[in-house]
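# Observations on chain architecture
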Number of protein chains: 2
Amino acid sequence: MSLRMALLTLIAGQPRSGYDINREFDGVLMFVWHAKPTQVYPELKRLAADGLIREQDEGPRGRRPYEITQEGLRTLREWLTTTSADHSQRNETVLRTFALWTVEPAEAQAFLREELEYHRARLRGLRVLQKGLDLDRPADRAALLGLEAGVRRLEAAASWAEWALGVVATWPSTTAPEQDTG
Amino acid sequence: MSLRMALLTLIAGQPRSGYDINREFDGVLMFVWHAKPTQVYPELKRLAADGLIREQDEGPRGRRPYEITQEGLRTLREWLTTTSADHSQRNETVLRTFALWTVEPAEAQAFLREELEYHRARLRGLRVLQKGLDLDRPADRAALLGLEAGVRRLEAAASWAEWALGVVATWPSTTAPEQDTG
DNA sequence: AGTATCATGTAAGACGTTACATGATTAC
DNA sequence: GTAATCATGTAACGTCTTACATGATACT
């Protein structure tokens, strides 16, 4: 259900094609929502068939931009005001962290260093995007909040990885043989 | 694929039944990984059939605890050391934030207040769990890092929600009629 | 005796990914 | 002219959720 809402949110902000949306899912929105092109295109057709978005005139290179309809906007508002957010998440970095005691401290540190670099790089990207917003546009004012959530999360993740590197440095080697379990 | 790894991670830490795992997914691990009982039970059967975990003696009330095998531990280590974490995420709170300009500021604030309360409540829960860890156990040492990641993320989310409430207070009402799009 | 919790499952359908396919335009 | 990028899709398969089903034990 929320893929529909993600598409409506993007198209409500400004008219976009499937291709535009796929680029957003690979970039800015990677920490918010994501979907593959093969899921996006059929869903856009369905949204158009349901009257929540409307195809604009075909652009260059077979480009098909969509704009939101009144009913689409109404649906988006209803979702926001009458339902609660689902807070369950899947975060592979933290999942791997829970299993980190099974590998050598050196390997655990390699993993944490990789995460640290990743989060730092993303952080720089988000800050650039945030500066490019036009705060006279209502959709960009909301995007400022969304990107700020990303910035703060990435800062937290980076400082966590730094802290964790220090902690893992104090772990003993896992060379002690386990009891026979296999 | 990662559900398998989540189950292996939990069972590697200590023997657990499907019921135990479901409780973790509803509690501590909600911000890490989650799955419904209907997905967990069949996956445990498959892991056992593949020799990565092994059923222990049946406990009270038809309880079936599993323990990890040598091959399961080897598989877990290989996953950690030879593959990279997938960083794509789905976060409904931030998704909704990007659409927040479509509703009245008062409604946006109600949403942010709800998020703030939610994150604060969860934070208290995680801190209690963190204090209950036994740092002589390797699995608990890794769990300390995992829970700390959660604590820092929740702190970041709560302080973001507070900041966002202040920003939204400066937004003008959305009563201005939009151009005819439907 | 009745309710809550413990404990495990099956079947159908919705959602998401991987593999494959096609053609137009732009840059070198 | 050839490679990269733009742009949209279909089919098969795997993952996840919803609805439904069952029975044992503990608490009041």
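The rules we used
- Residues numbered from 1 in each chain as written.
- Chains lettered and ligands numbered in written order.
- Predicted model: local features only at pLDDT ≥ 70, side-chain atom pairs only at ≥ 80, totals over all residues.
- Heavy atoms only, no water.
- Least-squares fit on C-alpha atoms with pLDDT ≥ 70 in both.
- Contact = heavy atoms within 4.5 Å.
- Near = heavy atom within 4 Å.
- Polar contact = N/O pair within 3.5 Å; in protein donor to acceptor, adjacent residues only side chain to side chain.
- Helix = DSSP H or I, 4+ residues; strand = E, 2+ residues; numbered from the N terminus.
- Nonpolar A, V, L, I, M, F, W, Y, C, P; charged D, E, K, R; others polar.
- Axes fitted to C-alpha atoms, helices over the stretch in contact; angles between N-to-C directions.
- Parallel < 35°, antiparallel > 145°, perpendicular 65-115°, else oblique.
- Left-handed = near helix turned anticlockwise from the far one by under 90°.

Chain A appears in an unreviewed UniProt entry as DNA-binding transcriptional regulator, PadR family from Nonomuraea pusilla.

## Overview of the relation of the copies chain A and chain B
Note on the copies: chain A fits chain B at an RMSD of 0.0 Å, the axial shift is 0.0 Å, and the rotation between them is 180°. Expressed as an axis order, the relation between the two copies is that of a two-fold axis. Both copies contact each other with a shared surface, as 100% of the interface residues of chain A are interface residues in chain B too.

## Focus: the protein's contact with DNA strand C
Close to DNA strand C lie 18 residues, the nearest being Gln39 of chain A together with Tyr19, Thr38, Arg61 and Arg64 of chain B. In DNA strand C, atoms within 4 Å of the protein come 74% from sugar and phosphate. Here glutamine 39 of chain A contributes a side-chain N or O atom positioned 2.5 Å from a phosphate oxygen of DNA strand C. At 2.3 Å from a sugar or linking oxygen of DNA strand C is found a side-chain nitrogen or oxygen belonging to arginine 61 of chain B. Secondary structure elements with two or more residues in the surface near DNA strand C: helix H3 (37–49) of chain A together with helix H2 (18–26) and helix H3 (37–49) of chain B. The biggest single contributor to the surface near DNA strand C is H3 of chain B, with three residues.

## Considerations on the interface of chain A and chain B
With 72 residues of chain A at the interface, the matching set in chain B holds 73 residues. Linking chain A with chain B are 26 residue pairs in polar contact (both at pLDDT 80 or more), by the criterion used here. Where the side of chain A that touches chain B is concerned, the elements lending two or more residues are helix H1 (2–13), helix H4 (70–82), helix H5 (92–98), helix H6 (105–131) and helix H7 (138–168) of chain A. A breakdown of the residues in the side of chain A that touches chain B according to their chemical character gives 36 nonpolar, 22 polar and 14 charged.

## With respect to the protein's contact with DNA strand D
Tyr19, Thr38, Arg61 and Arg64 of chain A together with Gln39 of chain B are the nearest of the 18 residues found near DNA strand D. Residue lysine 45 of chain A places a side-chain N or O atom 3.2 Å away from a phosphate oxygen belonging to DNA strand D. The separation between a sugar or linking oxygen of DNA strand D and a polar side-chain atom of arginine 61 of chain A is 2.3 Å. Taken together, the elements giving at least two residues each to the surface near DNA strand D come down to helix H2 (18–26) and H3 of chain A together with H3 of chain B. At three residues, the largest contribution of residues to the surface near DNA strand D is made by H3 of chain A. Per-class residue counts for the surface near DNA strand D are four nonpolar, seven polar and seven charged.

## Structural notes on the packing of helix H1 (residues 2–13) of chain B against helix H4 (residues 70–82) of chain B
All names here are of chain B. Where H1 contacts H4, the two axes come as close as 10 Å, and the packing angle between them is 120°. By the angle class used here, H1 and H4 are oblique. As H1 runs across H4, the sense of the crossing is left-handed. Contact residues: H1 offers Ser2, Met5, Leu8, Thr9 and Ala12, while H4 offers Gly72, Leu73, Thr75, Leu76 and Trp79. For the contact of H1 with H4, a count of residues per class yields six nonpolar, four polar and no charged.

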